[in-house]
Structures are given as C-alpha cells and as structure tokens.
Amino acid sequence: MTVSKVRSLADAQVKAMVEAGRRLHPETFDDVSERSYRALPKRWADQVRIELVQGLGASGNLAVESAIVEQGHDLSGLFLPADRSMDRMPLIEIDARSFFRMHFTAFHELGHFLQRTDMDCYARLFSFDNKAEAKRFEELACNRFAAEVLLPDDLVRSNLTPDGVVASDACRLFLDAHFASRQAVARRLAEYLPKDGIVSFFDMRGHLTVRALASGRSEYGVDPSAVEMRALAMLRQSDKDELVMNAETLGSEGAAVGRISAAKSRSGKGYGVFVVVS
C-alpha cells in the first residue's frame, strides 16, 4: 500500500475514532479540563478501566498474550482487551513515573480501545492482508488520534503563519497547549506539511529527540541530517530566537529542501529547538 493511501486511510480512521469517542463521552473532546489524565479514569469507567501504575510490570499484565504494550520514546502504557471468559473489561495502564508522557500515553491507549471496539474502526484494521502492516497502521492511528485530541485543529491553525509551517509556529503551539509535549507538537505539525516535510525537536543538550515526517512516521534515536545540523549551527551563531532560511542560505546542505526554519523553545518545561523542513 502506498504512503498516500495509508495516510488517507489513517485520516479516515482517526476521524472515525474521534466520532466514536464523542458518542461515548463528548465532554472529553469538548472541555480541555476533561483531557487531563486525572479526569479520564472516572469519566470512562463505564467503558474501560484506566489505572495509573508505578511501572508496567507491577501488575503482571505484561505477560498476558493479548496485551498491547508500549514502552520507550514518548509512550509508556498498556492496553488489554476485554476477556468475557474471565469477566474482564478492557484495561488501560499508564506508567505514572513518566509524568511528561502520561497525557499522550493515555489517549494513545484509548485509541487502541476505540479501534478494537468500534465496528468501523475495527473493519479498517482488517483491510490489511499483512498482520505487521495492520499493527503499524493501528499504532499510527493511535498516535494521530492522541495528537489530534490534545492539539485540536482550531488550536493548531490559530498558531500557524499564513505562508506555511515554520519552527516558531511549533513554539507558540507548545505554549498554548495544555497537556501536549513538544514531541506531540512535532508530530501534529508534521501533518500540515507537504510531502517530504519534517518537524524535529532537539533538547537542551542538542540531542534529536524526535523527527516527525509528513507521511505520519516518527523517528527516534537517529542522527541529525546535514540540513538540521546546519540550521542548528546558524541559530546558535545568531542573536535571534528564530531563523527562516532558503536553500541558498544553507549552501550545499540545503540543495534538497525548499525552506528550513529553526526556533528556540523556552518555557518552564525546559528548553530546546524546533527545526522545520518544508
């Protein structure tokens, strides 16, 4: 299946997930205070048990064959489907030791619940002949769903510049977001980029923590590209908080891109740099 086809299918899946969630508990999607991980366990108790745990291994559910487990990067959670033979309702576990990942993790795991219980969403998962492709698609849809709930379209668009996404847009969006991490902001903004566009975030030590691609894929633990390194270096050498550069400014490193921007992201939640390539 082509990248454009997967992206189109993911768009439809995420839309269906939001609609399914709204039918069950519209307040989660309409009231920003209801998006707190603290509000979800009580609000969704009629549908799924949501628990905060001190480490995913403590409950023993990691060993359950049907469990969907995510650990690492910006996720630390588990989804366990219902088991009627054991009179067990669906279960979501969120690792409470990872404070900055809890909101995204909570909605990512809720995405698994919605895809496994809504008939339209479930049918799309089985439109793939290959189980590995279906699994990747399910994870992509969960990531997209979590990012969209935490960063709704109207909030994103209100922070975009008229002439396309630049790095300073990511900085503003992060400050406006109530519960989204910088990694979630990077993934969400990548959806607004043209083909081959990327949004990257570098922490205060200069480490690349996430590279979000317009295709919907995210990369972790990879080396910065020559373009990203050049943009970081030019931002450090300037006395500005943001730079917007074209291929000529970047020299040979920018030959394959149309525009690249870099901006410093400062807040009480730390410091880093967003880089956008479009």
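Visitor: Kindly report on the nonpolar core, identifying the contributing residues and their values.
Guide: By size, the foremost hydrophobic cluster in this structure holds 55 residues, and its most contacted members are Phe145, Leu151 and Phe274. Ranked by residues supplied to this core, first place goes to helix H4 (residues 102-117) with seven residues.

Visitor: Could you give me a rundown of unusual backbone geometry, with the residues and numbers involved?
Guide: Trans peptide bonds make up the majority, and among non-glycine residues the majority have a negative phi. Its identity is not glycine, yet Asp196 carries a phi of approximately 75°, on the positive side. Here Asp196 lies in the loop between helix H9 (182-190) and strand S5 (198-203). Residue Asp196 is classed as exposed on the basis of its relative accessible area, which comes to 65%.

Visitor: Describe the packing of H4 against helix H6 (residues 131-150), with residues and values.
Guide: Put simply, H4 and H6 touch, their axes get as near as 8 Å, and they point 125° apart. Taken together, the axes of H4 and H6 are oblique relative to one another. The crossing of H4 and H6 is right-handed. Of H6, the residues touching H4 (which contributes His103, Phe104, Phe107, His108, Leu110, Gly111, His112, Leu114, Gln115 and Arg116) are Lys135, Glu138, Glu139, Ala141, Cys142, Asn143, Phe145, Ala146, Ala147, Val149 and Leu150. Grouping the amino acids of the contact of H4 with H6 by side-chain chemistry returns 11 nonpolar, six polar and four charged.

Visitor: Quick rundown of the state of the cysteines? Include the residues and the values.
Guide: Considering all chains together, one arrives at zero disulfides under this definition. With no disulfide of its own, Cys121 lies closest to Cys142 among cysteine sulfurs, the gap being 9.8 Å. Exposure remark for Cys142: the relative accessible area of 0% places this residue in the buried category.

Visitor: Summarise the environment of Leu193; cite the residues concerned and give the values.
Guide: With respect to the helices, strands and loops of the structure, Leu193 is situated in the loop between H9 and S5. Since its relative accessible area comes to 7%, Leu193 is described here as buried. Taking the C-alpha atoms as reference points, Leu193 and Val165, separated by 28 residues in sequence, lie 6.8 Å from one another. Those residues in contact with Leu193 that sit more than four places away from it in its chain are Arg7, Val165, Ile198, Val199, Ala214, Val276, Val277 and Ser278.

Visitor: Run through the environment of His178, naming residues and quoting values.
Guide: Within the fold, His178 resides in the loop between helix H8 (167-176) and H9. Residues His178 and Ser36, spaced 142 residues apart in sequence, show a C-alpha to C-alpha distance of 8.8 Å.

Visitor: Describe the side chain of Ser265, with residues and values.
Guide: With respect to the helices, strands and loops of the structure, Ser265 is situated in strand S9 (residues 259-267). Overall, Ser265 belongs to the buried group, its relative accessible area being 2%. Within the structure, Ser265 has its side chain in polar contact with the side chain of Arg182 (distance 2.9 Å). Residues within four places of Ser265 in sequence aside, it is in contact with Cys171, Phe174, Arg182, Phe201, Gly270, Tyr271, Gly272 and Phe274.

Visitor: Describe the sheet that holds S9, naming the residues involved and giving the relevant values.
Guide: Hydrogen bonds between backbone groups are what pair the strands of a sheet, and the pairing can be parallel or antiparallel. Strand order in this open sheet of six strands is S7-S6-S5-S10-S9-S8, and the pairing throughout is antiparallel. For this open sheet the edge positions go to strand S7 (218-219) and strand S8 (242-246), each flanked by a neighbour on one side alone. Two elements, S8 and S9, share five bridges in a ladder whose sense is antiparallel. Bridging from a neighbouring strand, Val244 pairs with Ser261 of S9. The strands that H9 touches are S5, strand S6 (208-213), S7, S9 and strand S10 (270-277); relative to S6, the one it contacts most, it runs at about 20°. Across the sheet, helix H10 (residues 226-237) touches S5, S6, S8, S9 and S10, and the angle it forms with S9 is around 55°.

Visitor: Any chance you could break down the pattern of salt bridges for me, citing the residues and the numbers?
Guide: A side chain of one charge can pair with a side chain of the opposite charge if their charged atoms are brought near each other. Inspection of every chain in the model, using the stated rule, returns 17 salt bridges. Linking Asp118 and Arg23 is a salt bridge whose minimum nitrogen-to-oxygen distance equals 2.9 Å. Placement of Asp118 in the loop between H4 and helix H5 (119-125) and of Arg23 in helix H1 (residues 3-24) is noted, with a sequence separation of 95 residues between them. Given a relative accessible area of 12%, Asp118 falls into the buried group. It is possible to trace a salt-bridge network through shared partners that takes in Asp11, Arg144, Asp153, Arg188 and Glu191.

Visitor: Can you tell me about the pairing of S6, naming the residues and giving the values?
Guide: The element S6 is extensively covered by neighbouring structure, given that five of its six residues are classed as buried. The pairing of S5 with S6 spans five bridges and is antiparallel. Pairing of Phe201 across the sheet is with Val210, part of S6. Taking the residues that link successive antiparallel strands as the turn, the S5-S6 hairpin has four residues, and the phi of Gly206 there is positive, at about 85°. Bridging between S6 and S7 involves two bridges; their strand directions are antiparallel. Within S7, the position partnered with Ala212 by the bridge is Ser218. The antiparallel hairpin formed by S6 and S7 contains four residues in its connecting segment, where Gly216 sits at a positive phi of about 105°.

Procedures and definitions
- Residues numbered from 1 in each chain as written.
- Predicted model: local features only at pLDDT ≥ 70, side-chain atom pairs only at ≥ 80, totals over all residues.
- Heavy atoms only, no water.
- Core = buried A, V, L, I, M, F, W, Y, C linked by side-chain atoms within 4.5 Å.
- Buried < 20%, exposed > 50% of the residue type's maximum accessible area, 1.4 Å probe, protein only.
- Helix = DSSP H or I, 4+ residues; strand = E, 2+ residues; numbered from the N terminus.
- Axes fitted to C-alpha atoms, helices over the stretch in contact; angles between N-to-C directions.
- Parallel < 35°, antiparallel > 145°, perpendicular 65-115°, else oblique.
- Left-handed = near helix turned anticlockwise from the far one by under 90°.
- Contact = heavy atoms within 4.5 Å.
- Nonpolar A, V, L, I, M, F, W, Y, C, P; charged D, E, K, R; others polar.
- Disulfide = S-S within 2.5 Å.
- Polar contact = N/O pair within 3.5 Å; in protein donor to acceptor, adjacent residues only side chain to side chain.
- Pairing = 2+ DSSP bridges.
- Salt bridge = Lys/Arg side-chain N within 4 Å of Asp/Glu carboxyl O.

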